[in-house]
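Chain by chain, the residues:
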Amino acid sequence: MTGFVPRTVPVAVDWEAAADLVVIGGGVAGLTAARTASLRGLRVLTLSKGGPADTATQYAQGGIAVVAPDGDSVDSHVRDTVAAGAGLCDAAAVRSIVAGGQAAVAALTDLGAVFDLGRDGRVARTREGGHSIRRIIHAGGDATGAEVQRALNAAGLPVLFGAAAGEILRGPDGVRGVLVVSERGTGVVHAPAVLLATGGLGQLYALSTNPDGATADGVALALRAGAAVADLEFVQFHPTVLYTPGGLGRRPLISEAVRGEGGVLIDLAGRSVTAGVHPRGDLAPRDVVSLAIAARMRATGADHVLLDATGIAGFATRFPTITASCLAAGIDPRTDPIPVAPAAHYQCGGVVTDTAGRTGVPGLYAAGEVARTGLHGANRLASNSLLEGLVVGERAGAAAVERRGAAAEVGEVRRVAAEVAPRAAVQALATAHASVVRDAAGLDRALRRLAELSRPVAADDRRWPDAIGGCTAASDGPGHGGSGPARAEAVAARRITAVEDAALTLTARALLAAAALRTESRGCHTRSDHPGTDAAQAHSTRFVLGPDGTPVPAGAAPAVPTAS
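Bear in mind that the values here come from a model prediction, so they are computed numbers and not experimental data.

How each quantity is defined
Residues numbered from 1 in each chain as written. Predicted model: local features only at pLDDT ≥ 70, side-chain atom pairs only at ≥ 80, totals over all residues. Heavy atoms only, no water. Helix = DSSP H or I, 4+ residues; strand = E, 2+ residues; numbered from the N terminus. Rg over C-alpha atoms; globule rule 2.2 N^0.38 Å. Buried < 20%, exposed > 50% of the residue type's maximum accessible area, 1.4 Å probe, protein only. Contact = heavy atoms within 4.5 Å. Areas by Shrake-Rupley, 256 points an atom, 1.4 Å probe, with all protein chains shown as cover. Lys, Arg positive; Asp, Glu negative; His and termini not counted. Charge placed at Lys NZ, Arg CZ, Asp CG, Glu CD. Pairing = 2+ DSSP bridges. Axes fitted to C-alpha atoms, helices over the stretch in contact; angles between N-to-C directions. Salt bridge = Lys/Arg side-chain N within 4 Å of Asp/Glu carboxyl O. Right-handed = clockwise from strand over helix to strand, strands pointing away. Core = buried A, V, L, I, M, F, W, Y, C linked by side-chain atoms within 4.5 Å. Expected span 1.5 Å × (residues − 1). Phe/Tyr/Trp six-rings, centres within 6.5 Å; stacked < 30°, edge-to-face > 60°. Lys NZ or Arg CZ within 6 Å of the ring centre and 35° of its normal. Polar contact = N/O pair within 3.5 Å; in protein donor to acceptor, adjacent residues only side chain to side chain. Parallel < 35°, antiparallel > 145°, perpendicular 65-115°, else oblique. Nonpolar A, V, L, I, M, F, W, Y, C, P; charged D, E, K, R; others polar. Left-handed = near helix turned anticlockwise from the far one by under 90°.

**Regarding the overall build of the chain**
Here's step 1: A count of helical and extended segments in the chain gives 16 helices and 29 strands.
Here's step 2: Here the C-alpha atoms of the chain give a radius of gyration of 22 Å, agreeing with the 24 Å that 2.2 N^0.38 yields for 564 residues.
Here's step 3: Burial status across the chain gives 60% buried among its 564 residues.
Here's step 4: Long-range pairs, those at least 24 residues apart, make up 74% of the contacts in the chain between residues at least 6 apart in sequence.
Here's step 5: Surface accessibility of the chain: about 19,800 Å² in total, with carbon and sulfur atoms responsible for 55%.
Here's step 6: Charged side chains of the chain number 52 positive and 53 negative; the gap between the two group centres comes to 1 Å.

**Let's talk about the sheet that holds strand β4 (residues 44–48)**
Here's step 1: Read across the open sheet, the five strands follow the order β8-β4-β3-β12-β21; overall the sheet is parallel. The strands lining the two open edges of the sheet, one partner per strand, are β8 (159–161) and β21 (364–366). Taking the axes of each pair of neighbouring strands and ignoring which way they run, one obtains an average angle of 20° across the sheet.
Here's step 2: In the sheet, strand β3 (residues 21–24) pairs with strand β12 (residues 194–196) via three bridges, with the strands oriented parallel. Paired with Val 23 across the bridge in β12 is Leu 195.
Here's step 3: Strands in contact with helix α1 (residues 28–39) are β3, β4, β8 and β12; relative to β4, the strand with the most contacts, it is inclined by about 165°.

**A look at helix α3 (residues 74–84)**
Here's step 1: Among the residues of α3, those classed as buried are Ser 76, His 77, Val 78, Asp 80, Thr 81 and Ala 84.
Here's step 2: Phi turns positive one or two residues past the end of α3, at Ala 86, with a value near 55°.

**As for the pattern of salt bridges**
Here's step 1: Counted by the stated rule, this structure contains 31 salt bridges.
Here's step 2: A salt bridge links Asp 20 to Arg 43, with the nearest nitrogen and oxygen atoms 3.2 Å apart. Within this pair, whereas Asp 20 is found in the loop between β2 (15–18) and β3, its partner Arg 43 is found in the loop between α1 and β4, the two being separated by 23 residues in sequence.
Here's step 3: By relative accessible area, Arg 43 is classed as partly exposed at 46%.
Here's step 4: Measuring nitrogen to oxygen at the nearest pair gives 2.8 Å for the salt bridge that ties Arg 135 to Asp 72. With Arg 135 in the loop between β6 (125–126) and β7 (136–137) and Asp 72 in the loop between β5 (64–65) and α3, this residue pair connects regions lying 63 residues apart in the sequence. Comparing Arg 135 with Asp 72, the two get one shared label, buried.
Here's step 5: If you follow the salt bridges from partner to partner, you end up with Lys 49, Asp 217, Arg 423, Glu 500 and Asp 501 in one network.

**Description of the sheet that holds β6**
Think of a sheet as strands paired side by side through backbone hydrogen bonds, with each pair either parallel or antiparallel.
Here's step 1: An order of β5-β7-β6 is seen for the three strands of this open sheet, with the pairing classed as antiparallel. Looking at the sheet topology across the chains shown, the edges are occupied by β5 and β6.
Here's step 2: Bridge count for β5 against β7 is two bridges, and the pairing is antiparallel. Each bridged residue has a counterpart across the sheet, and for Ala 65 the counterpart in β7 is Ile 136.

**Quick word on the pairing of β3**
Here's step 1: Side chains Leu 21 and Val 23 project from β3 onto one buried face, and the interleaved Val 22 and Ile 24 project onto a second face that is buried too.
Here's step 2: Bridge count for β3 against β4 is four bridges, and the pairing is parallel. Counterpart to Val 23 in the pairing with β4 is Thr 46.
Here's step 3: At this point the chain moves from β3, through α1, to the parallel β4, and the crossover so formed is right-handed.

**Thoughts on the nonpolar core**
Here's step 1: Membership of the largest hydrophobic core comes to 60 residues, with the highest contact counts inside it found for Ile 24, Ile 168, Leu 196 and Tyr 205.
Here's step 2: Counting residues per element, this core draws most heavily on helix α16 (residues 484–517), at ten residues.
Here's step 3: Look past the residues within four positions of Ile 24 in its chain and what remains in contact with it is Leu 47, Ala 165, Ile 168, Val 178, Val 194, Leu 195, Leu 196, Ala 197, Thr 198 and Leu 221.
Here's step 4: Membership of the second largest hydrophobic core comes to 44 residues, among which are Ile 64, Leu 108, Leu 195 and Leu 387.

**Thoughts on unusual backbone geometry**
Here's step 1: The backbone of Asp 231 shows a phi angle near 65°, a positive value even though the residue is not glycine.
Here's step 2: Looking at the secondary structure, you find Asp 231 in the loop between β14 (229–230) and β15 (235–242).
Here's step 3: A relative accessible area of 2% places Asp 231 in the buried class.

**Quick look at α1**
Here's step 1: Over its twelve residues, α1 runs 17 Å from end to end, which matches the ideal 16 Å to within 8%, given 1.5 Å per residue.
Here's step 2: When we look at burial in α1, the residues that qualify are Val 28, Ala 29, Gly 30, Leu 31, Thr 32, Ala 33, Ala 34, Thr 36 and Ala 37.
Here's step 3: Positive backbone phi, approximately 90°, marks Gly 41, located one or two places after α1.

**What about the packing of aromatic side chains?**
Here's step 1: Summed over all chains, the structure comprises two aromatic pairs.
Here's step 2: Lying across the ring of Trp 15, Arg 184 places its NZ or CZ 4.3 Å from the centre.
Here's step 3: A cation over a ring is seen here: Arg 380 above Tyr 346, with NZ or CZ 4.2 Å from the ring centre.

**A closer look at the environment of Ser 76**
Here's step 1: Here Ser 76 lies in helix α3.
Here's step 2: Separated by 56 residues in the primary sequence, Ser 76 and Ser 132 place their C-alpha atoms 7.9 Å from one another.
Here's step 3: Leaving out residues up to four positions away in the same chain, Ser 76 has contacts with Ser 132 and Arg 135.
Here's step 4: Within the structure, Ser 76 has its side chain in polar contact with the side chain of Ser 132 (distance 3.5 Å).

**Regarding the packing of helix α13 (residues 423–433) against helix α14 (residues 440–453)**
Angle between the axes and distance between the axes are the two parameters that describe a pair of packed helices.
Here's step 1: One can describe the packing of α13 onto α14 by two numbers: an axis separation of 9 Å at closest approach and a directional angle of 170°. Accordingly, the angle class assigned to the pair α13 and α14 is roughly antiparallel. In contact with Ala 425, Val 426, Leu 429 and His 433 of α13, α14 contributes Gly 442, Leu 443, Arg 445, Ala 446, Arg 449, Leu 450 and Leu 453.
Here's step 2: Split into classes, the residues belonging to the contact of α13 with α14 amount to seven nonpolar, two polar and two charged.

**Remarks on the packing of α1 against helix α6 (residues 144–153)**
Here's step 1: Contact pair α1 / α6: the axes reach a minimum separation of 10 Å and the direction vectors enclose 25°. One way to sum up the angle between α1 and α6 is to call them roughly parallel. For the element pair α1 and α6, the recorded crossing hand is left-handed. For the pair formed by α1 and α6, the contact residues are Val 28, Leu 31 and Thr 32 on the first element and Val 148, Gln 149, Leu 152 and Asn 153 on the second.

Structure below.
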């Protein structure tokens, strides 16, 4: 990876700043890392494309999986995680992260996070798919992510909102800074350490539970910086997203906790969807439930199934967010079964790191959904995501101290040459050919069509990312979009969209290539033409950016040692 020499082109810069650590993303992993690094004396700047609540963390309903004080153990949580991961978990990484859960939650509680209590006055716990015991803690019933986000936001850390990272800038000894797009134009933040905490790739699909900003930015940034990614073929589709006819974009999810409290999946004829499919029935791992729903929909010709939660007492109190979403769609979950269908939910793979967030590029770290630590393997265990964000975020913030004093001056600013395809076309291809079930013909068709649709950004265009988004000096000038702050905001939004489109295009290529290479069904990667699991493929494959800008396989993962 350190020998990676990309083709680059120059970029004009409007402003500059400096920091010891730049955190890209304002969710649980990013803000936890920022706080940890700040407490250790680092100057930290956090970049966020949206506002304080525009994160995947904000929408997390289920809770945090953490070892319960009674009748549970680290060993038990590890077993459940490894079982869900279908042979691809890094057992040492799983144990390391699970063992750090209780301390991470305690630190969050010290920040003011409040978790729901049971009648006995102790923290309440529920059970979700794949877990053998009730170990999931939650807040506000089904608003755990919102409470975590609130507590971290209240820490008062400096965040530059409305700013997107367009490129990781490198020198001979590793990271030197970040190229940023904001209302102030194109800027450079000189920094020897950068943490990717950008979330997932849900916007690669037409239907997702992810926020609008989940456009795979971190995967693309890492690839262009010379880091490796792995396990991108494993995209978890949440089995139960609220179905509404014609609905597109981010859809409200119906938490697995509903099934944990007694909700039952049935088809339109009232028959069980998971009976005989898995010993845990409706509480089987998510890939199993998603496949069962998809199979039942194909068999019946229906576009959804039903989740009957009418037998859950006090539903509106336990699940206020879900109740509000259902009522807005004209459904009363207290009396009516909820129409549900699978939708893209979580990126199990990502940027290859150790359990302290280190990548193979000195000074580049990754934590949260964007990272591939080895915790999730081929399928994430429910509610392990907030756990990972808290634990690895804290460790990455501490690890960044090792870069204090490293060179961080950027000379001529250059970006890696990029290609871009229309977002709607990318989403259509991924949705049609890389969803719950895939096959060789569809993946090949998608890769070929994506190559046909992609166009390079002009090599001599210094006004990046204008060329990607079709922006020109004329379109940004007087009479085009107003003047003053409103005009600057509109131009920044257009440029950020252009950066996102390039990220989606590159990540789609990597995901499709990884899915085509894995000629077996494992975890949440299902090949209809290879329905069995192949023991010879019980390993992850790293992908890096080739000399022509195309993601290519580069051997087995992990690429960095597992931290203690």
